[in-house]
Amino acid sequence: MTFGTPHPLHRLMLDDVRGAQKMLAGVARTTALEGSRHLSSLVGAPVLLKCENLQRTGSFKLRGAYVRIAGLRPEERAAGVVAASAGNHAQGVALASQLLGVRATVFMPVGAPLPKVAATREYGADVRLQGHVVDETLAAAQEYADETGAVFIHPFDHPDVIVGQGTVGLEILEQCPEVRTIVVGIGGGGLAAGVGLAVKSVRPDVRIVGVQAEGAAAYPPSLAAGHPVVVESPVTMADGIRVGRPGDVPFGLVREYVDEVRTVSEDALSSALLLCLERAKLVVEPAGASPVAALLSDPGSFRGPVVAVLSGGNVDPLLLQRILRHGMAAGGRYLSLRVRVTDRPGALATLLAVLTVADANVLDVGHVRTDPRLGLTEVEVELRLETKGPDHCREVEAALRDAGYTVLD
């Protein structure tokens, strides 16, 4: 295979991925494969995390972007490249272009997280903020390509990109030869297609499981229909896999090499992100945590050893703060309730003393005195507590009831 020219699907082979691996030597890191005792205990088999969140630019996207741009003809390189992305692909294209000496223009949505915009600029790209949704940004990038002759670098729908992402699969086989299951997030399908192609060509017995967010799951209906179909207005916190339609090129490979595509809830995504942070000490974005979310959702259904691909770690700090709160709530780490007490001096202190003994951390306290259901000398205290999990929540409520309080909800 000669990089940079169109290739029918049947010509994408293991040797193409191996060629991409040689091209990426010294460019992309061979990211770590870290064991997770907590996930291993849940699954009942060894679980390892492929840390592409620690890749240069913070995601696997550098691999495919570099292979694609490196394969351009001299006259195409001279014209420059253009991409549209809200984050990971933007940074991958920017760094790949910088390393190869190619001028890059990257269109990003107006509301793109500032850290991602800054990082893309620092890698040397000309960043243009245009459009309020990715579709508008994509249209602007394609219009720019038509006007200037710059080569549009698609985030997943090109053979060179797919074989670049497939190098993740080769690394997994080298690092964990005994692997039985690989779990990988799916947006447009480039990573899953590449990993599936690489791994199944060497180890057809390895099960490849793709994961999509419930609100942006275009692959299950597409696979059922036998062709890519559109999911209108995909909604999920996992912007890295929020894609409304599978790519034409990766779809055929996913259909051939991926054994199963599962979906996960927003609660599972936030719980998975929190687990990666607390247990593995790894900062992972929601899309990158999707394989862990699948493991948490149905741990007994995976044959080990299992490798979960953490595809990226570029998460905006403000979003991370919201997700962590959501993850703690989903994991039973917050408890909100109302307690009816007598409205007299010292009543709140007595109530808080019970919570102190129960080892619950009080985050917020509010008073309700005007509800018609209250007696003349009663007040409702609204509490938001930080707890240690669902069992602790039940223990806190039991302690309040044992102390004579009426817990309303």
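None of these values were measured; they are calculated from a predicted model. (Residues numbered from 1 in each chain as written. Predicted model: local features only at pLDDT ≥ 70, side-chain atom pairs only at ≥ 80, totals over all residues. Heavy atoms only, no water.)

The next subject is the overall build of the protein chain. Of the regular secondary structure elements, the protein chain holds 16 helices and 14 strands. Considering the protein chain as a whole, with its 409 residues, one finds that 56% of them fall into the buried category. The long-range share in the protein chain, meaning contacts at least 24 apart out of those at least 6 apart in sequence, stands at 73%. For the protein chain, the separation between the mean place of its 39 positive charges and that of its 45 negative charges on side chains is 4 Å. (Helix = DSSP H or I, 4+ residues; strand = E, 2+ residues; numbered from the N terminus. Buried < 20%, exposed > 50% of the residue type's maximum accessible area, 1.4 Å probe, protein only. Contact = heavy atoms within 4.5 Å. Lys, Arg positive; Asp, Glu negative; His and termini not counted. Charge placed at Lys NZ, Arg CZ, Asp CG, Glu CD.)

Glancing now at the pattern of salt bridges. For the structure on display, the rule yields 20 salt bridges. Residue arginine 203 is joined to aspartate 205 by a salt bridge in which the shortest nitrogen-to-oxygen separation is 2.9 Å. On the accessibility criterion, aspartate 205 (41% relative accessible area) is partly exposed. Glutamate 397 is the salt-bridge partner of arginine 401, the closest N and O atoms lying 3.5 Å from each other. Of this pair, arginine 401 and glutamate 397 both sit in helix α16 (residues 390-402), four residues apart, which is roughly one turn of that helix. Among the residues examined, arginine 401 registers a relative accessible area of 45% and is labelled partly exposed. Classification of glutamate 397 as partly exposed rests on a relative accessible area of 21%. Three or more residues are tied together by salt bridges with common partners; here these are Lys50, Glu52, Arg63 and Glu171. (Salt bridge = Lys/Arg side-chain N within 4 Å of Asp/Glu carboxyl O.)

The next thing to look at is the packing of aromatic side chains. Per the counting criterion, the structure on display carries two aromatic pairs. Over the ring of tyrosine 334 we find arginine 384; its NZ or CZ atom is 5.4 Å from the centre of that ring. (Phe/Tyr/Trp six-rings, centres within 6.5 Å; stacked < 30°, edge-to-face > 60°. Lys NZ or Arg CZ within 6 Å of the ring centre and 35° of its normal.)

Now for the sheet that holds strand β11 (residues 334-342). Taking strand neighbours across the sheet as the criterion, the four strands line up as β12-β13-β11-β14 in an open arrangement whose pairing is antiparallel. The open sheet has two free edges, formed respectively by β12 (361-368) and β14 (406-407), since each of these has just one partner strand. Pairing of β12 with strand β13 (residues 378-386), which is carried by seven bridges, proceeds in the antiparallel orientation. Bridge pairing in β13 places histidine 367 opposite valine 381. On the sheet, α16 packs against β11, β13 and β14 and is oriented at approximately 5 degrees with respect to β11. (Pairing = 2+ DSSP bridges. Axes fitted to C-alpha atoms, helices over the stretch in contact; angles between N-to-C directions.)

This next bit is on the packing of helix α12 (residues 266-279) against helix α13 (residues 290-297). As a packed pair, α12 and α13 sit with axes 8 Å apart at the nearest point and diverge in direction by 105 degrees. As summarised for this structure, α12 and α13 are arranged roughly perpendicular, according to the angle between their axes. Across the interface between the two elements, Ala268, Leu269, Ser271, Ala272, Leu275 and Cys276 of α12 pack against Ser290, Val292, Ala293, Leu296 and Ser297 of α13. (Parallel < 35°, antiparallel > 145°, perpendicular 65-115°, else oblique.)

As a further point, take the pairing of strand β2 (residues 47-51). By the criterion of burial, β2 is predominantly enclosed, with five of the five residues buried. Taken together, the three bridges between strand β1 (residues 33-35) and β2 define a ladder with antiparallel strand orientation. Paired with leucine 33 across the strands is lysine 50, a residue of β2. As defined by bridge partners, β2 adjoins strand β10 (residues 306-310) across five bridges and the pair is classed as parallel. In the sheet register, lysine 50 faces β10, and the bridge partner there is valine 309.

At their nearest, the axes of helix α1 (residues 14-24) and helix α9 (residues 190-202) sit 9 Å apart, and the two run at 115 degrees to each other. When you trace α1 past α9, the crossing you get is left-handed. Here Leu14, Val17 and Arg18 of α1 lie close against α9, whose contacting residues are Leu197, Ala198, Ser201 and Val202. Each residue belonging to the contact of α1 with α9 can be placed in one class, and the counts come to five nonpolar, one polar and one charged. (Left-handed = near helix turned anticlockwise from the far one by under 90°. Nonpolar A, V, L, I, M, F, W, Y, C, P; charged D, E, K, R; others polar.)

Right, let's talk about the confidence of the model for the protein chain for a bit. Overall, the predicted model of the protein chain reaches an average pLDDT of 90, with 94% of residues at or above 70. When the criterion is pLDDT under 50, residues 5-10 qualifies, and its contacts beyond four places in sequence or with other chains add up to seven contacts. (pLDDT = per-residue confidence, 0-100.)

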